[in-house]
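Chains, contacts and geometry: an overview
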Amino acid sequence: MILFALVYAVPIITVFYTSLCDYTAFNSPAFQGIKNFITIFSDSDFICSIRNTLLWVVLQSTIHVGVGLAMALVLRRKPKGWKFVRTAYMIPNIIPTAATGVMFTLLLNPSFGILKSMYGVFGLDMSKIPNLFGNSKFAFWTVTCTWIFYSAFNTIIFLAEMGAIDTSIYEAARVDGAKPWQLDRYITLPLMKNVVGTCVVLASVAMVSQFDIIYMTTKGGPGTSTLNLPIYLYKAATLENNYGKANAVGVVQIIIGITLVILIKGLFREKKEAA
């Protein structure tokens with residue numbers, strides 16, 4: 001409890017208090033009520049950052065977790081080459097996300113990246129090579145693709161949960177003539193409900209606080225196409241030196257995170273049978 005109070009509770013209380021203060025790099029905190037919250041909710045960029053954050057939460061909770069579950073269902077059967085696939089699929093999750101952002105920035109650079117090579121191979125017009133990170137039409141989805149399909153962490157959790165399922169259940173179903181897809185549909189997936197909920201919570205919380213890979217690729221741009229709450233908070237604190245405003249954004253971020261956890265846990269909660 002002492003460790004929690006020092007590392008989390010005190011800073012969180014400080015964030016909530018200073019969010020209600022006029023607090024910049026040039027003056028100490030002075031209480032002013034909810035002015036900072038009025039300021040940020042009156043800013044269209046802040047509203048856009050919330051929209052982008054929540055969209056990423058939805059994508060991460062569905063596609064990212066879904067890919068991890070699909071990979072687990074395949075690897076559980078140990079097809080030919082499954083060890084190599086499992087190892088290769090883990091590598092992107094080992095690389096720091098900041099390094100991943102730099103890698104994709106170089107890989108998709110229109111001047112010397114892979115797109116230029118592809119255009120050259122197919123004899124396409126080099127002047128029409130898109131700047132995927134620099135074009136507002138493509139930036140959001142390009143950034144999303146840098147991480148959305150790499151969900152080895154979820155796959156490991158799912159494989160561990162699948163390994164805990166009693167094999168006698170599968171044997172009894174096979175005796176009754178169940179096919180492999182029926183085993184997954186009627187046995188594996190229903191028994192995975194709780195752990196799927198856990199992975200969705202982890203994925204959602206990760207997206208609410210996602211910063212480094214977005215900053216390394218687009219810095220929230222172009223315009224506000226990839227702006228999310230952490231980037232907005234960072235700009236308020238570093239570019240504007242307005243710590244009160246930044247902490248108000250932090251409070252909103254905390255509230256959104258807690259709300260998502262409560263909603264997701266409620267969605268995946270097992271219904272108790274009446275006695």
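Further up the page is the structure itself.
Residues numbered from 1 in each chain as written. Predicted model: local features only at pLDDT ≥ 70, side-chain atom pairs only at ≥ 80, totals over all residues. Heavy atoms only, no water.

1. Considerations on the overall build of the protein chain
- The helix and strand inventory of the protein chain stands at 14 helices and 2 strands.
- The 275 residues of the protein chain split such that 38% are buried.
- Residue pairs at least 24 apart in sequence account for 67% of intrachain contacts in the protein chain once pairs closer than 6 positions are excluded.
- By element, 68% of the accessible surface of the protein chain is carried by carbon and sulfur atoms, the whole surface being about 15900 Å². (Helix = DSSP H or I, 4+ residues; strand = E, 2+ residues; numbered from the N terminus. Buried < 20%, exposed > 50% of the residue type's maximum accessible area, 1.4 Å probe, protein only. Contact = heavy atoms within 4.5 Å. Areas by Shrake-Rupley, 256 points an atom, 1.4 Å probe, with all protein chains shown as cover.)

2. What about the packing of helix α3 (residues 44–76) against helix α8 (residues 152–163)?
- Two numbers describe how α3 lies on α8: the axes approach to 8 Å, and their chain directions differ by 45 degrees. Here α3 is positioned oblique relative to α8, judged by the angle of their axes. Classified by chirality, the crossing of α8 by α3 is right-handed. In this structure, α3 uses His 64, Val 65, Gly 68, Leu 69, Met 71, Ala 72, Leu 73, Leu 75 and Arg 76 to contact α8, whose residues at the interface are Asn 154, Thr 155, Phe 158, Leu 159 and Met 162.
- In the contact of α3 with α8, the residues fall into 9 nonpolar, 4 polar and 1 charged. (Axes fitted to C-alpha atoms, helices over the stretch in contact; angles between N-to-C directions. Parallel < 35°, antiparallel > 145°, perpendicular 65-115°, else oblique. Left-handed = near helix turned anticlockwise from the far one by under 90°. Nonpolar A, V, L, I, M, F, W, Y, C, P; charged D, E, K, R; others polar.)

3. Description of helix α10 (residues 180–191)
- Over its 12 residues, α10 extends 16 Å from the first C-alpha to the last, a length consistent with the 16 Å expected when each residue adds 1.5 Å.
- Within α10, burial applies to Leu 183, Asp 184, Ile 187 and Thr 188. An end-on view of α10 places all buried positions within 125 degrees of arc, on one side of the element. In α10, the exposed residues that point more than 90 degrees away from the buried face are Trp 181 and Tyr 186.
- If you follow the buried residues of α10, they end up packed against α3, α8 and α9 (167–175). (Expected span 1.5 Å × (residues − 1). Arc of directions from axis to C-beta.)

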